[in-house]
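Below are the chains, spelled out letter by letter.
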Amino acid sequence: MAFEASFNKDLARKLASSNNPEKTLDLELAQFRARAVELNAAREKMAEGYDKVLQGLKMAFPNLDLDDKNLVGSPNRMARALLEICSGLGTSQKEIFSTTFPAENYNEVIILKDIDYTSLCSHHFFPFIGKAHVGYLPDTTHGQDSRVVGLSKLAHIVDMHAQRPQLQERMCYGIMNSIKEELKPAGVMVVIEGSHGCLTCRGAKKANASMMTSALDGKFKEDPKLRAEFFSLLKQ
Ligand SMILES: Nc1nc2c(ncn2[C@@H]2O[C@H](COP(=O)(O)OP(=O)(O)OP(=O)(O)O)[C@@H](O)[C@H]2O)c(=O)[nH]1
Ligand SMILES: [Zn+2]
């Protein structure tokens, strides 16, 4: 990945708000370095584990060719891929919701629908993928306490909860709860559709089965009309 992408996102913002950008940069680089050393040690340990997995597979099926050019380097690739897909564990909801705006007079439902996600089933470590639909209702009765966020933050909070070993129910509740804690809305509702690799590609092998979960709080829980509005906005 081009360095510019990370620079624009986080580093540039920190440097822009620093009184002493040079010093801030030195501190940030020292932290990056320390974290890179930790992640590299983790990657090495994981690659050793994946190497054993392949050796085990060879025990089960002796005709597996471990010298196949496509398998050489796979333990490392698998380790890197797992670190990537679990990267949500390294993010916090406070970080994601660090920029919010006062809700002012807006007290209608705000929805971001069809947010693609990729997650990892805790039981089998198989991917599960789908869409999340997130809605909330700002609470204008609490003055400055009630906040709205830029739409991308709703996508980021979905990814934070998705990018880790997960249960769909827990992910759904986690997204709902993060929005509840950080934005203090009058209501919040999350619906998730998930196609689970462990169900579609192995085991029961139900290629078309998908799981639906919902989590709701506040006015969405109390008011069936508001829930109906959420679902009708999803259909549009
Ligand atoms: N409720 C729920 N179940 C899930 C989720 N992801 C995977 N599962 C299920 O978790 C269960 C794990 O149960 P086990 O019986 O230990 O797993 P297994 O022996 O591999 O079972 P099969 O998948 O039926 O072959 C399976 O039924 C999966 O379908 C999820 O997000 N939520
Ligand atoms: Zn599973």
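Note that the coordinates shown come from a computational prediction; the quantities given were computed from them, not determined experimentally. (Residues numbered from 1 in each chain as written. Chains lettered and ligands numbered in written order. Predicted model: local features only at pLDDT ≥ 70, side-chain atom pairs only at ≥ 80, totals over all residues. Heavy atoms only, no water.)

Student: Describe unusual backbone geometry, and please don't skip the residues or the numbers.
Tutor: Only a minority of non-glycine residues have a phi that is not negative, and only a minority of peptide bonds are not trans. Although it is not a glycine, K184 adopts a positive phi angle of roughly 45 degrees. In this structure, K205 takes a positive phi of about 50 degrees despite not being glycine. Among the structural elements, K205 can be located in the loop between α7 (197-200) and β7 (211-218). (Helix = DSSP H or I, 4+ residues; strand = E, 2+ residues; numbered from the N terminus.)

Student: Describe the site of ligand 1, naming the residues involved and giving the relevant values.
Tutor: Taken together, the neighbourhood of ligand 1 is formed by C121, H123, H124, L167, Q168, E169, H196, C198, R202, G203 and M211. Contacts to ligand 1 include H123, whose side-chain N or O atom sits 3.1 Å from an oxygen atom. Between ligand 1 and the protein, one listed contact pairs an oxygen atom with a backbone N or O atom of Q168 at 2.7 Å. Considering ligand 1 on its own, with 630 Å² of exposed area, one finds that the protein chains cover 51% of that surface. Here the residues of the shell around ligand 1 sort into four nonpolar, five polar and two charged. (Near = heavy atom within 4 Å. Polar contact = N/O pair within 3.5 Å; in protein donor to acceptor, adjacent residues only side chain to side chain. Areas by Shrake-Rupley, 256 points an atom, 1.4 Å probe, with all protein chains shown as cover. Nonpolar A, V, L, I, M, F, W, Y, C, P; charged D, E, K, R; others polar.)

Student: Can you lay out the nonpolar core for me, pointing to particular residues and giving the numbers?
Tutor: Core analysis: the largest hydrophobic core is formed by 30 residues, its most contacted members being Y136, I175 and I179. Within the residue set of this core, elements represented by two or more residues are β2 (110-121), β3 (127-137), α5 (151-162), α6 (168-183) and β6 (187-196). The dominant element in this core, judged by the number of residues it contributes, is α6, at six residues. The next biggest cluster of nonpolar side chains, apart from the first, holds ten residues, and it includes F220, L226, F230 and L234. (Core = buried A, V, L, I, M, F, W, Y, C linked by side-chain atoms within 4.5 Å. Buried < 20%, exposed > 50% of the residue type's maximum accessible area, 1.4 Å probe, protein only.)

Student: I'd love a proper account of the UniProt feature "binding site: Zn(2+)" (unreviewed entry) in the protein chain, names of residues and values included.
Tutor: In the numbering used here, UniProt assigns the feature "binding site: Zn(2+)" (unreviewed entry) to C121, H124 and C198. These residues run over 78 residues, yet every pair of their C-alpha atoms falls within 7.7 Å of each other. Tracing the backbone shows C121 in strand β2. When near neighbours in sequence (up to four residues on either side) are disregarded, C121 contacts F126, F128, Q166 and C198. (UniProt positions renumbered as here; feature names shortened; annotations may be inferred. Contact = heavy atoms within 4.5 Å.)

Student: Any details on the coordination of the zinc ion (ligand 2)? Residues and values, ideally.
Tutor: The textbook angles at a metal center are 109.5 degrees for a tetrahedron of four donors and 90 or 180 degrees for an octahedron of six. The coordination sphere of the zinc ion (ligand 2), as far as protein atoms go, consists of C121 (SG), H124 (ND1) and C198 (SG), spread over 1.9 to 2.3 Å. All donors to the zinc ion (ligand 2) come from one chain, and their sequence spacing reads C-x2-H-x73-C. Of this pair, C121 sits in strand β2 while C198 sits in helix α7; the two residues are 77 residues apart in sequence, bridging distant segments of the chain. (Donors = N, O, S within 2.8 Å, 3.2 Å for Na, K, Ca; no water.)

Student: For the state of the cysteines, give the residues involved together with the corresponding values.
Tutor: For the coordinates displayed, the defined rule picks out zero disulfides. Considering cysteine sulfurs only, C198 is the nearest to C201, which forms no disulfide, with 9.0 Å between them. (Disulfide = S-S within 2.5 Å.)

Student: Describe in detail the pairing of β3, supporting the description with residues and values.
Tutor: In this structure, β2 lies alongside β3, joined through nine bridges in antiparallel fashion. What sits directly across from S119, in β3, is F128. What sits between the antiparallel neighbours β2 and β3 is a turn of five residues, in which F125 has the positive phi angle 55 degrees. (Pairing = 2+ DSSP bridges.)

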